[in-house]
Amino acid sequence: MCTLTSKRCDEVLATPLPYSAFSSSSILGADFGAGYAKLNRRVGNGGWSPLDSDRYRWLQVDLRGRKQITAIATQGRYSSSDWTKQYRLLYSDTGSNWRPYRQDGNIWTFSGNWNSERAVRHELQYTIVGRYLRFIPLEWSEEGRIGLRVEAYGCAYWADVINFDGQGVISYRFRQKKMKILKDVISLRFKTSKGDGVLLHGEGQQGDYLTLELRRAKLVLQINLGSNQYGSIQGHTSVSSGSLLDDDHWHSVLIERYRRSVNFTLDQHTQSFRTNGEFDHLDLDYEISFGGMPVSAKPSSGGPQNFVGCMEGIHYNGDNITNLARRKRVDTSSFRNLTYTCPVSQTFPAFFNSTSTLQLPGQSEADTVSVSLQFRTWSPSGLLLFTPLMPGGVELSLVEGKVVVHIYISQGKNARVDISSGSGLNDGQWHSVHFLALESFAMLTINGDETSSVRASLPIQIRTIGDYYFGGYFPRTDLSPSQRSFQGCMQLIHVDGELVDLHAVEKGMLGSFENVSLDMCAIIDRCVPNHCEHGGRCSQTGDTFKCSCDGTGYTGATCHTSVYEQSCEEYKHLGRTSDSYWIDPDGSGPLEPFKVSCNMMEDKVWTTLVNDLPPQSAVSSGSDPAQGTVLRLNYSMTTDQVNAITSSAEHCEQYVAYACRMSRLLNSPDGSPYTWWVGRGNEKHFYWGGSGPGIQKCACGIERNCTDPNYYCNCDADQRQWREDAGVLMYKDHLPVTQVIVGDTQRSGSEAKLTVGPLRCQGDRNYWNAASFNTPASYLHFPTFRGETSADISFYFKTSSSYGVFLENMGNNDFIRLELKSAYMVSFSFDVGNGPVELTVRSLTPLNDDQWHRVEAERNVKEAVLRLDKQHREVRAAPPQGHTQLQLYSQLFVGASGGQRGFLGCIRSLKMNGVTLDLEERAKVTPGVKPGCSGHCSSYGMHCQNGGKCVEKYNGYSCDCSLTAFDGPFCTDDVGGYFESGTMVRYDFMSDSTSAPVGKGVSGALGVEGNLTQEELSFSFSTSHAPSVLVYISSKTQDYLAVVLRTLQIRYSLGGLKEPFTISLDHRNMANGQPHSVNISRQERLIQLQLDHYPTVSYSLPDASDTVFNLVKTIFLGKVFETGQIDPVLIERYNSPGFVGCLSRVQFNRIAPLKAALRPAIPSTASIQGVLVESNCAAFECCVCLCLICIIAVVIFTILCTLVFLVRHMFRHKGSYHTNEAKGAESADCADAAIIVNDPAFTETIDESKKEWFI
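Parameters at a glance
- Residues numbered from 1 in each chain as written.
- Predicted model: local features only at pLDDT ≥ 70, side-chain atom pairs only at ≥ 80, totals over all residues.
- Heavy atoms only, no water.
- Helix = DSSP H or I, 4+ residues; strand = E, 2+ residues; numbered from the N terminus.
- Buried < 20%, exposed > 50% of the residue type's maximum accessible area, 1.4 Å probe, protein only.
- Contact = heavy atoms within 4.5 Å.
- Areas by Shrake-Rupley, 256 points an atom, 1.4 Å probe, with all protein chains shown as cover.
- Disulfide = S-S within 2.5 Å.
- Salt bridge = Lys/Arg side-chain N within 4 Å of Asp/Glu carboxyl O.
- Pairing = 2+ DSSP bridges.
- Axes fitted to C-alpha atoms, helices over the stretch in contact; angles between N-to-C directions.
- Patch = residues over 30% accessible without salt bridge, like charges linked within 9 Å, V, L, I, M, F, W, Y side chains within 5 Å.
- Polar contact = N/O pair within 3.5 Å; in protein donor to acceptor, adjacent residues only side chain to side chain.
- Phe/Tyr/Trp six-rings, centres within 6.5 Å; stacked < 30°, edge-to-face > 60°.
- Lys NZ or Arg CZ within 6 Å of the ring centre and 35° of its normal.
- Lys, Arg positive; Asp, Glu negative; His and termini not counted.
- Charge placed at Lys NZ, Arg CZ, Asp CG, Glu CD.
- pLDDT = per-residue confidence, 0-100.

**Section: the overall build of the chain**
For step 1, the next point in the chain: Counting secondary structure elements, the chain contains eleven helices and 83 strands.
For step 2, the next point in the chain: Looking at the 1255 residues of the chain, the share that counts as buried comes to 52%.
For step 3, the next point in the chain: Long-range contacts, defined here as pairs at least 24 residues apart, represent 69% of the contacts in the chain between residues at least 6 apart.
For step 4, the next point in the chain: If you sum the accessible surface of the chain, you get close to 56,800 Å²; carbon and sulfur atoms cover 50% of it.

Right under this line is the structure:
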């Protein structure tokens, strides 16, 4: 039986051993022998030292039996200057095929000694099992040489071993014919040099099965707890783990299943998953087999191969299968020769890195080159072999995953023969290569496939020198290979048809090598486990991996960080407008991004999720009257994605409507409902829109206005007329509606139509979840942060302080901390065991400006990143070797802790690995910290445009557009109206008796007495009709301001002049149907006018004119209807029939008369005469017009050129035509075009006599 135990395993293993149990690569002298290398011993010369100090030396310990090793310790040679500062550990069962100790995805380098006396002990991260240990010094004392004393700690290990030959299978028969198993625990250890084979298999007649199988050196677990015959339930589940498992080393497997939950562990790496389908029991018949499938279970086509290799410690649900086999209590009759020992591997691999080379001798002056080998690698390119010839040479390389042979031949001039074969050979699998050059041809064979061998003719007969370089060739010669090195493993190397004895190479008796690790293959699959998250594609070379994140929605070295914002709320506060957006509510969490519709309102942001049920869907009768008719709704996203929206929202709602004719809905509150709906969590609900949970009524039943007062729903009256019950479902924990089951459509004459609107949610509690830290000692604490290999932290902060710790989490030595270092610097520091690392980013502007700033920090096995305000960024690559796991144990502290300088200010939206921490809830019960944070306008107020005022809210801000001529979430939407003939808008200023006149307190606005020395008037218009009045502002005196249109004219009458001061733009036709903007401002005598996007022009009132606009009374738009004395010119020429067209964004100082008239819900003095239809007059962009003009102009120019050409040839007549008259403005397509056509500055003179103009 296997004795891998969980009890304390810490016995001294090396010290009790005899001298002969120790061996080494060499010794400095008799007193420096390997047998003296025992910890704390002083015999001999106090330890082992080799003859030469280099990286090829080793000290080996034979533990005289397989042991569990849990710790090791080293010490320098006693009372000397000799010690080992760094070393590696290898272990083996047989003294060959060594396996390096690995940790954190790398061949681990242990830190050793810095003097000769102090012992340094290392606890192994996981228990290893082996008989032989080998210590490889990598770095040693500068003052002396390699010196070493060692110890190993652990305990005994023993297990029954069975050798599987590929034919035999162990069949474990159940006590009952059929087993219905709810829980499984299966464990075993295996080792093999074959990449394919079934380790265990069981199946049942109902289709259930359990299979553990090697496929291409990966372990695949397949399990099916049941599928149904209709295919609606598919139980097949397949999970793979590990890689390179054909390395002839022991690997441990543990399968734990309870119902559908499975833990699948391979060599300390556990995958947890749930099986597909809906069944919990594994139904197996008769038996479960180990080592392959029994003949009766194999398909006729042959099926998968049986396992070839060794297994030990096989346990199945409490039974020791290997022990039962030894006692012949299970069926082993299929074995030809069952043995309980594991044969020693006959292969002798060699491991190469980028600096390795292996030189082997061959026949010299031969006319044949014959080389074969096996290799495995992840690198797409590398040198397998180079051998020089007389003259020339042969290069055998891997290039982009295929084997390429370059045969260099010098014959008068340089020549080269190329052969290539294979593809994708850098897949980590063993591949064989055989190259033969004989007489006048060369042949390349891959993986022993003679039928696919590639041949090439040679122009001359080759002549060998006899030197073969494998894995690297570094001399700089006239002829050098295109590839210089190789990263991976080779074995079974043949030169001139003979297998090379690598044992002799290791002993220095044959050839030579440099930086080659013999008798081991230490290749590592850096993509298993896959550190590329969210579907990122992993690729690797010999020493690193990289992730391709294309199309995943994530970015970063490991595809950890989402490229999308978490909600519509966050998009709004980036200044985005209503549209469809991709969101990722949990950031780096497991939820995939998905697309939603964001509706940015003035004070709310709505997230809309549509379903696929058309409005007014007719409900047909179901096949089973008892079951009713089921209408299913799909939302183009997963249930978890929908739940992420509803969970974080402040409010959700969904409109439902049931139109009926003789089709009852809910029945009475005490009766069984005819219709119900299914929501979140697959729960049934028996209330309808407008009602609430537990109330089996419709909206009319709540409001007591149903068609028949005896019922609580209109449809329950069962009338022949069409009725409807409609309303909004607002209990968000029940939403969304996923099914509606209609039960009363079976009767003759019964009809029903169903409408289920989109799910609408507003607010994001995660985004605004905030806490205020009021004292330097205040903090919040949360459970320990779990981010072992991948961690991200993001939050917003605002402060007036120049320093403070944002958050901190500690371990024994590891830690993680984010800190405000100064008014301009944020720091991210951590330690995963390789020493403290600190990243800092510096802002160009102060961070203690009491505005919101965003911090994002990420650490993974590849790099660490710190970002500030999405602008400043620092990246620090992780060391190529070292610790990668962040081990934390203390609580997570947000704010001050452990004597650190506390943070003063606000933190919000703190998210760690996709989970938002509830700062507000924790702050409610924590002294010195308050929930929420005010002052959002200081950071986001710039989004409120056109004079909109930012208004603080508990969970954000909104833009107050009430004193502007605009609407929308950011006061950017024009408010306009279309005026029909005779339409007029009138806005009366408040009387003198009003205590708070409009515009009070605003610079340049009306005072109490209504006298102005400065004003601003702005508006946009479009019309094709002139003359007309655009804007007229009257007073209680004869003062007025008018903007009229025949040609655009501004008329100021402030007294002191006989005639109004007039500004006319006679050369511009503004009544061309295109939108125009007008901005007029006056300061005393100075008047400034800006039209459209042209430069501002200044005018000045005459000295005789007054500068006070006295007693402003009324604003008229479109037409004037005023009592008292009015300018007769204005009435006679412009007032009839009135303005016809669009006016928008009309604003006089802080008054928006047109908006006031179109928003009757807001109290105002505005009134409308005639027909005014709200319209967005500025919807047409002039650039579009210009594009059309350009296209039309090109066409017209082409036609004109053609006509001129024809005229020239028809009449041969010379003459000229000059014009300074403005023509064509009436047909211009936009404002810019009209101005260009009409403005004398843009007139052209066309002279036919200038022939070059027509070329």
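**Observations concerning the state of the cysteines**
For step 1, the next point in the chain: All chains considered together, the criterion is met by 14 disulfides.
For step 2, the next point in the chain: Residue Cys532 pairs covalently with Cys547 via a disulfide, S to S 1.9 Å. Handedness here is read from the sign of the S-S torsion; for Cys532 and Cys547, about -85°, the answer is left-handed. Remark: Cys547 occurs in strand β38 (residues 545-548) and Cys532 occurs in the loop between β36 (512-518) and β37 (537-540); sequence separation between them is 15 residues. For the pair shown, Cys532 and Cys547 are each scored as buried.
For step 3, the next point in the chain: Across the disulfide, Cys660 is cross-linked to Cys715 (sulfur-sulfur distance 1.9 Å). With the S-S bond torsion at -95°, the cross-link from Cys660 to Cys715 turns out left-handed. Remark: Cys715 occurs in the loop between α5 (699-703) and β49 (723-729) and Cys660 occurs in strand β46 (residues 651-661); sequence separation between them is 55 residues.

**Remarks on the side chain of Ser1022**
For step 1, the next point in the chain: When you line up the elements, Ser1022 lands in strand β72 (residues 1014-1022).
For step 2, the next point in the chain: Contacts of Ser1022, omitting those with residues within four sequence positions, involve Gly1073, Gln1074, Pro1075, Phe1139, Gly1141 and Cys1142.

**Some details on the pattern of salt bridges**
For step 1, the next point in the chain: Under the counting rule described, the total for this entry stands at 43 salt bridges.
For step 2, the next point in the chain: With its nearest N and O atoms 2.1 Å apart, the salt bridge here joins Arg661 to Glu751. Of this pair, Arg661 sits in strand β46 while Glu751 sits in strand β51 (residues 751-762), placing them 90 residues apart in sequence.
For step 3, the next point in the chain: In this structure Arg661 comes out as partly exposed when scored by relative accessible area, which is 28%.
For step 4, the next point in the chain: When its relative accessible area of 33% is taken as the criterion, Glu751 is described as partly exposed.
For step 5, the next point in the chain: Within this structure, Glu565, Glu570, Arg854, Glu856 and Lys870 form a network of salt bridges that share partners.

**Quick look at the sheet that holds strand β62 (residues 892-895)**
For step 1, the next point in the chain: One open sheet accounts for six strands, arranged β53-β62-β55-β56-β57-β58; its pairing is antiparallel. Looking at the sheet topology across the chains shown, the edges are occupied by β53 (779-782) and β58 (837-842). Across the sheet, the axes of successive neighbouring strands diverge by a mean angle of 15°, strand direction being ignored.
For step 2, the next point in the chain: Sheet topology places strand β55 (residues 804-810) next to β62; two bridges connect them, and they run antiparallel. Along β62, the bridge assignment pairs Glu808 with Phe893.

**Re a nonpolar patch on the surface**
For step 1, the next point in the chain: On the surface, Tyr978, Val1171 and Val1173 cluster together to form a nonpolar patch covering roughly 240 Å² of accessible area.
For step 2, the next point in the chain: In this fold, Tyr978 is placed in strand β70 (residues 976-979).
For step 3, the next point in the chain: Given the relative accessible area of 35%, Tyr978 is considered partly exposed.

**A few points about helix α4 (residues 639-648)**
For step 1, the next point in the chain: Extensive coverage of α4 is indicated by the burial of seven of its ten residues.
For step 2, the next point in the chain: Listed in full, the buried residues belonging to α4 are Gln641, Val642, Asn643, Ala644, Ile645, Thr646 and Ser648.
For step 3, the next point in the chain: Structurally, α4 contributes buried residues whose contacts are with β41 (579-583), β42 (594-600), β43 (605-609), β46 and β51.

**Some details on unusual backbone geometry**
Both trends apply: most residues other than glycine have a negative phi, and most peptide bonds are in trans.
For step 1, the next point in the chain: Here the residue pair Met390 and Pro391 is connected by a cis peptide bond, since its omega of -10° sits within 30 degrees of zero.
For step 2, the next point in the chain: On the secondary structure map, Pro391 appears in the loop between β26 (382-388) and β27 (393-399).
For step 3, the next point in the chain: Geometrically, the link from Val528 to Pro529 is a cis peptide bond, its omega value of -5° lying close to zero.
For step 4, the next point in the chain: Tracing the sequence through the fold places Pro529 in the loop between β36 and β37.
For step 5, the next point in the chain: Even without glycine at this site, Ser636 takes up a positive phi of about 55°.
For step 6, the next point in the chain: With respect to the helices and strands, Ser636 occurs in the loop between β45 (629-632) and α4.
For step 7, the next point in the chain: Phi at Ser909 is positive, roughly 50°, even though this residue is not glycine.
For step 8, the next point in the chain: The exposure class assigned to Ser909 is buried, which follows from its relative accessible area of 4%.

**As for the sheet that holds strand β79 (residues 1097-1100)**
For step 1, the next point in the chain: The strand order β79-β78-β77-β72-β81-β70-β83 describes an open sheet built from seven strands, whose pairing is antiparallel. Every interior strand has two partners, whereas the edge strands, β79 and β83 (1172-1174), have only one. Across the sheet, the axes of successive neighbouring strands diverge by a mean angle of 25°, strand direction being ignored.

**Focus: the side chain of Asp82**
For step 1, the next point in the chain: Here Asp82 lies in the loop between β3 (59-75) and β4 (84-92).
For step 2, the next point in the chain: Looking at Asp82, its side chain comes within polar contact range of the side chain of Arg77, at 2.5 Å.
For step 3, the next point in the chain: The contacts of Asp82, once residues within four sequence positions are left out, are Ser49, Gly76, Arg77, Ser116, Gly144, Arg145, Ile146 and Gly147.

**Observations regarding the packing of aromatic side chains**
The description of an aromatic ring pair uses the distance of the two centres, along with the angle that the planes make with each other.
For step 1, the next point in the chain: Within the structure shown, the criterion is met by 35 aromatic pairs.
For step 2, the next point in the chain: Between the aromatic rings of Tyr571 and Tyr581, the centroid separation amounts to 4.4 Å while the plane-to-plane angle is 20°, which identifies the pairing as stacked. With Tyr571 in helix α3 (residues 568-572) and Tyr581 in strand β41, the pair connects residues that are ten residues apart, well separated along the chain.
For step 3, the next point in the chain: Since its relative accessible area comes to 6%, Tyr571 is described here as buried.
For step 4, the next point in the chain: Residue class for Tyr581 comes out buried when judged on its relative accessible area of 11%.
For step 5, the next point in the chain: With 6.1 Å between their ring centres and 70° between their planes, Phe773 and Phe903 make a pair best called edge-to-face. Taken together, the positions of Phe773 in strand β52 (residues 770-773) and Phe903 in the loop between β62 and β63 (905-912) put the pair 130 residues apart, joining distant regions of the chain.
For step 6, the next point in the chain: Linked through ring pairs, Tyr87, Tyr101, Phe110, Tyr126 and Phe135 together constitute an aromatic cluster.
For step 7, the next point in the chain: In this structure, Arg908 packs its charged tip against the face of Tyr767, placed 4.6 Å from the ring centre.

**Here's the deal with a negative patch on the surface**
For step 1, the next point in the chain: Side chains of Glu602, Asp603, Asp960 and Asp973 sit close together on the surface and give a patch of like negative charge.
For step 2, the next point in the chain: Relative to the helices and strands, Glu602 resides in the loop between β42 and β43.
For step 3, the next point in the chain: Given a relative accessible area of 31%, Glu602 falls into the partly exposed group.

**Overview of the environment of Leu396**
For step 1, the next point in the chain: By secondary structure assignment, the location of Leu396 is in strand β27.
For step 2, the next point in the chain: Owing to a relative accessible area of 2%, Leu396 belongs among the buried residues under this scheme.
For step 3, the next point in the chain: In sequence terms Leu396 and Gly382 are 14 residues apart; their C-alpha atoms lie 9.1 Å from each other.
For step 4, the next point in the chain: Not counting residues within four places of it along the chain, the set of residues in contact with Leu396 comprises Leu383, Leu384, Leu385, Val403, Val404, Val405, Val433 and Leu444.

**Overview of the pairing of β38**
For step 1, the next point in the chain: Judged by which residues are buried, β38 turns out to be one-sided: Phe545 and Cys547 face inward and are buried, whereas Lys546 and Ser548, on the alternate face, are not.
For step 2, the next point in the chain: Hairpin remark: β37 followed by β38, antiparallel, with four residues in the connecting loop.

**Examining the environment of Ser663**
For step 1, the next point in the chain: Tracing the chain through its elements places Ser663 in the loop between β46 and β47 (675-678).
For step 2, the next point in the chain: In contact with Ser663, not counting residues within four places along its chain, are Tyr658, Cys715, Asp718, Asp744, Thr745, Arg747, Glu751 and Ala752.
For step 3, the next point in the chain: Here the side chain of Ser663 touches Tyr658 through a polar contact of 2.5 Å, side chain to side chain.
For step 4, the next point in the chain: One polar contact links the side chain of Ser663 to the main-chain carbonyl oxygen of Asp744, over a distance of 2.7 Å.

**Some words on the confidence of the model for the chain**
For step 1, the next point in the chain: Across the chain, pLDDT averages 87, with 89% of residues at or above 70.
For step 2, the next point in the chain: In this model residues 992-1009 is a low-confidence stretch, pLDDT under 50, and it forms 26 contacts with partners more than four residues away in sequence or in other chains.

**Section: the pairing of strand β80 (residues 1112-1117)**
For step 1, the next point in the chain: The element β80 is largely enclosed, with a buried count of five among its six residues.
For step 2, the next point in the chain: Both strand β71 (residues 984-988) and β80 contribute to a ladder of four bridges, which runs antiparallel. When the bridges of β80 are listed, Arg986 appears paired with Phe1116.
For step 3, the next point in the chain: In this sheet, β80 lies alongside strand β73 (residues 1028-1035) in antiparallel orientation, the contact comprising five bridges. Residue pairing in the sheet places Val1031 in a bridge with Leu1117 of β80.

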